[in-house]
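# Remarks on the overall topology
Spelled out from the first residue to the last, the chains are:
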Amino acid sequence: MSFERIKEKLNILADAAKYDVSCSSSGSDRTNTNKGLGNATPMGICHSYTEDGRCISLLKILLTNHCIFDCAYCVTRKSNDIKRAAFKIQEVVDLTVNFYRRNYIEGLFLSSGIFKSPDHTMERLVAVAKKLRLDKNYNGYIHLKSIPGASDELMYEAGLYADRLSVNIEVPTISGLKLLAPDKKHEDFTKPMRKVQHEIVRYKAEKRIIKSTPKFAPAGQSTQMIIGATGETDKDIMYSAHHYYTQYQMRRVYYSGYVPVAEDSRLPAIGSQVPMLRENRLYQTDWLLRFYGFGVQEILNNEHPNLDMDVDPKLGWALRNLHLFPIDINRADKGMLARIPGVGMQSVGKILNARRFRKLNWGHLKKIGIALNRAKYFIICDSNQWENHELEPQKIKGMILKNSVGKFRKNYSSQLQLFN
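For clarity, every value in this text was computed on a predicted model and none was experimentally measured. (Residues numbered from 1 in each chain as written. Predicted model: local features only at pLDDT ≥ 70, side-chain atom pairs only at ≥ 80, totals over all residues. Heavy atoms only, no water.)

### Regarding the environment of Leu401
- Mapped onto the elements of the fold, Leu401 is located in helix H15 (residues 393-402).
- Judged by its relative accessible area of 3%, Leu401 is buried.
- Between the C-alpha atoms of Leu401 and Val311, which are 90 residues apart in sequence, the distance is 7.8 Å. (Helix = DSSP H or I, 4+ residues; strand = E, 2+ residues; numbered from the N terminus. Buried < 20%, exposed > 50% of the residue type's maximum accessible area, 1.4 Å probe, protein only.)

So this is what it looks like as structure tokens:
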């Protein structure tokens, strides 16, 4: 096949893959052996930043944008009048190897539209990974999308060759899925998730006994939800995410603001603003649930079903629970320190270590790196300065916003007039 045709396919299928954000590889550790090609490390492979600040890249494409389904939110749905293309298995293998040798990429993220059947599609995805591992001795990162409805046998084989597997839940609620993708069933998404989860648990158990046990999806599995396509509240979204974290041991749940791609009465109109700020707030909430010890019901509940777009969710929680503050920075335990706005987990560790030697004052906290523009309203320390804990929540919020700078500043600048 000519170079021009391959280039055309690459343009079409790379562009179609850009809506999938669930392509982190953190947790993978596939060591290069026998002078093979590539090396997947725990630092991750994607268009993102690693722990040491490096930007890394991967080949992110669809195997094909042909699809038998007509999901309203999807650009590759069968009723959409777009240019279609499909890679052969060997073409994807050759592209991955050649791009890797030229140092263009550090791994492969491969998804696909569903053509013929879920099993037929999944079989071809697995074939690409298998050829890379066995024929090319490729040890770099591979992320395969699990096709909803694929058989357990194919999901098991996929996990033997891929570092991470992911099946996008797409719409956060079952009712939303029925509205926008009536041809799909919720159990088609959860079935492969459950199979991967069981196999990961089995692999870890066998690994403790038999060191030579073949790796199975060492970077785990992830999923993605589309945000803003339907009318779910933030509470609906985060309760759904919490379910997948606890029931399926997801490594990550990704939140993707809906990009209008079609005129449909069920969806936001083309040209509608992508809910980037809302997406950011959901990621912040996700972080609080996974690393800060918050329960989802503390942040989102029937009384507060949606996140405050003006402030981050931890500050929003603190403003609703002023009765728990101020917190003595020199006495509070780790859990309470982590709930102070402007105090991250690294700062919590520094505080616990530093106060073993002396009581901490504002100067010490500033050197530690605490965001005092937020934290000062919620803490006391070894000082009498800057202490005013008799303010109302709205007053504190207004003072913090007035003196804050952020990438979403333009989204709430008009609201600051309320506090002038």
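### Observations regarding the state of the cysteines
- Going through the model one piece at a time under the given rule, you end up with zero disulfides.
- Lacking any disulfide linkage, Cys67 is separated from the closest cysteine sulfur, that of Cys74, by 6.2 Å.
- Judged by its relative accessible area of 19%, Cys67 is buried.
- In this structure Cys71 is not part of a disulfide, and its nearest cysteine sulfur, from Cys74, lies 6.1 Å away. (Disulfide = S-S within 2.5 Å.)

### Here we look at the sheet that holds strand E6 (residues 164-166)
- Read across the sheet, six strands follow the order E3-E4-E5-E6-E7-E8 without closing on themselves; strand pairing throughout is parallel. Unpaired on one side and paired on the other, strand E3 (59-62) and strand E8 (252-257) mark the two borders of the sheet. Strand after strand, the sheet turns through a mean of 20° between neighbouring axes, direction not considered.
- Bridge analysis of strand E7 (residues 221-227) against E8 gives six bridges, and the strand direction is parallel. (Pairing = 2+ DSSP bridges. Axes fitted to C-alpha atoms, helices over the stretch in contact; angles between N-to-C directions.)

### Things to note about the side chain of Thr230
- Position of Thr230 among the secondary structure elements: in the loop between E7 and helix H7 (234-248).
- Residue classification places Thr230 among the buried residues on the basis of a relative accessible area of 16%.

### Points about the confidence of the model for the protein
- Averaged over every residue, the pLDDT of the protein is 87; the share at 70 or more is 86%.
- Within the model, the stretch residues 40-46 combines pLDDT values under 50 with 33 contacts to residues more than four positions away or in other chains.
- Considering only residues more than four positions removed or in separate chains, one finds that residues 48-54, a stretch of pLDDT under 50, has 11 contacts. (pLDDT = per-residue confidence, 0-100. Contact = heavy atoms within 4.5 Å.)

### Here we look at the packing of aromatic side chains
- Scanning all chains against the criterion turns up nine aromatic pairs.
- An angle of 80° between the planes, with centres 5.2 Å apart, marks the rings of Tyr255 and Tyr283 as edge-to-face. Of this pair, Tyr255 sits in strand E8 while Tyr283 sits in helix H8 (residues 276-291), and the two are 28 residues apart along the sequence.
- One aromatic cluster is present, built from ring pairs that chain together Phe294, Trp317, Phe325 and Phe378.
- If you follow Arg339 out to its NZ or CZ, it ends over the ring of Phe294, 4.2 Å from the centre.
- Over the ring of Trp317 we find Arg339, and its NZ or CZ is 5.1 Å from the ring centre. (Phe/Tyr/Trp six-rings, centres within 6.5 Å; stacked < 30°, edge-to-face > 60°. Lys NZ or Arg CZ within 6 Å of the ring centre and 35° of its normal.)

### Topic: the packing of helix H3 (residues 118-135) against helix H4 (residues 152-161)
- Where H3 meets H4, the closest approach of the two axes is 9 Å, and the angle between their N-to-C directions is 25°. Between H3 and H4, the angle is such that the two are roughly parallel. The two elements H3 and H4 meet at a crossing, and its hand is left-handed. On the side of H3, the interface is formed by Asp119, Met122, Glu123, Val126, Ala129, Lys130, Arg133 and Leu134, while H4 contributes Leu154, Met155, Glu157, Ala158 and Tyr161.
- Partitioning the contact of H3 with H4 into residue classes produces eight nonpolar, no polar and five charged. (Parallel < 35°, antiparallel > 145°, perpendicular 65-115°, else oblique. Left-handed = near helix turned anticlockwise from the far one by under 90°. Nonpolar A, V, L, I, M, F, W, Y, C, P; charged D, E, K, R; others polar.)

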